[in-house]
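Okay, here's what each chain looks like letter by letter:
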Amino acid sequence: MKVIPFGPPNTGKGTRISEVVEELGDQWEAISVSSELKKEVKAQTSIGQEAKRYMDAGELVPDSIILKIFLERVQNATKNVFFDGFPRTIAQAKAMLEAGIKPDLVISLQVDQEVVLQRARDRIVCTACGESYTKISPFKRAKTEGICDKCGGELRQRNDDLDESVVRRRLEVYEKETKPILEFFESAGIKVCQMDNSGPNAREEFKKLVTEN
Ligand code: AMP
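Residues numbered from 1 in each chain as written. Predicted model: local features only at pLDDT ≥ 70, side-chain atom pairs only at ≥ 80, totals over all residues. Heavy atoms only, no water.

Draft legend 1. Region of the structure containing the site of the ligand. In the region of the ligand, 13 residues are neighbours, and Ser34, Glu59, Arg88, Gln92 and Arg158 sit closest. A distance of 3.2 Å separates an oxygen atom of the ligand from a polar atom in the side chain of lysine 38. A distance of 3.1 Å separates a nitrogen atom of the ligand from a polar atom in the backbone of valine 61. Among the elements that make up the shell around the ligand, the one with the highest residue count is helix α2 (residues 33–42) (three residues). (Near = heavy atom within 4 Å. Polar contact = N/O pair within 3.5 Å; in protein donor to acceptor, adjacent residues only side chain to side chain. Helix = DSSP H or I, 4+ residues; strand = E, 2+ residues; numbered from the N terminus.)

Shown next, in the form of structure tokens:
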């Protein structure tokens, strides 16, 4: 099964995915193009250096780079998968379908813009494994401040969360480039569900959509 959690940046897609993967055990895995990009950035490869310029500015990395990474990663998947942050353009969505990769379900996560901005101020991520935590709200604090519970890595704010103008730019890019994919999916006969991702029952609701579809 292939599921795409869909929504603006900082909607909580990654959090929902990591909770469900933890709960449902080893039948599921997440494919995150942005984690793969961050590995390239860390290793200072030529792809990483090119991608970093776009990522730090809140722009999308060119489709040619993204598709190469995505298609390679998807070929190695052996379980049910969540696509985290892919596709983000109609061209990526089309290329995915042309490669014979058809999602079974798209879960469109709704969150108010103010909440999205607040989450960007609140989020810190592990520089080693990418796990996210909150630094202000009590929602998901690390047991030891500044240290990842899972791997002991250092927690920091993401570069693209630090500057609010970059966060706003990512939202604009989402509206223009990414949101139209929902209609494209519907016209391709792919099931799209909506859910509010800010309420207290969001975790359960997300799991229910994944397991009952
Ligand atoms: P994320 O961690 O998912 O918010 O992604 C961080 C950044 O990585 C984005 O702002 C983009 O610059 C880049 N990125 C991640 N996924 C994609 C994608 N599917 N298409 C283009 N750029 C992407």
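Now that the structure has been shown, we can carry on.
Draft legend 2. Main features of empty space enclosed by the protein. Counting across every chain of the model gives one cavity of 30 Å³ or more. Of the voids in this model, the largest cavity is the one considered here, and its volume is about 70 Å³. Together, Ile4, Pro5, Phe6, Gly7, Lys13, Gly85, Phe86, Pro87, Arg88, Tyr174 and Thr178 line the largest cavity. Every element with two or more residues in the lining of the largest cavity is listed here: β1 (2–6) and α8 (164–178). Top element by residues in the lining of the largest cavity is β1. It accounts for three residues. Considering only residue class, the lining of the largest cavity consists of six nonpolar, three polar and two charged. (1 Å grid on protein atoms, 1.4 Å probe; cavity = no way out; pocket = protein on both sides within 12 Å on 5 of 7 lines; lining within 4 Å. Points joined across faces, edges and corners; volume = space filled by probe spheres on them. Nonpolar A, V, L, I, M, F, W, Y, C, P; charged D, E, K, R; others polar.)

Draft legend 3. Structural view of the packing of aromatic side chains. Here the structure, examined in full by the defined rule, presents seven aromatic pairs. Plain terms: the ring middles of phenylalanine 6 and tyrosine 174 are 6.1 Å apart, the flat faces sit at 55° to each other, and that makes the pair tilted. Residue phenylalanine 6 is found in strand β1, and its partner tyrosine 174 is found in helix α8; the two are separated by 168 residues along the sequence. Grouping residues by exposure puts phenylalanine 6 and tyrosine 174 together as buried. Ring geometry for phenylalanine 70 and phenylalanine 86: centres 3.7 Å apart, planes at 10°, overall stacked. (Phe/Tyr/Trp six-rings, centres within 6.5 Å; stacked < 30°, edge-to-face > 60°. Buried < 20%, exposed > 50% of the residue type's maximum accessible area, 1.4 Å probe, protein only.)

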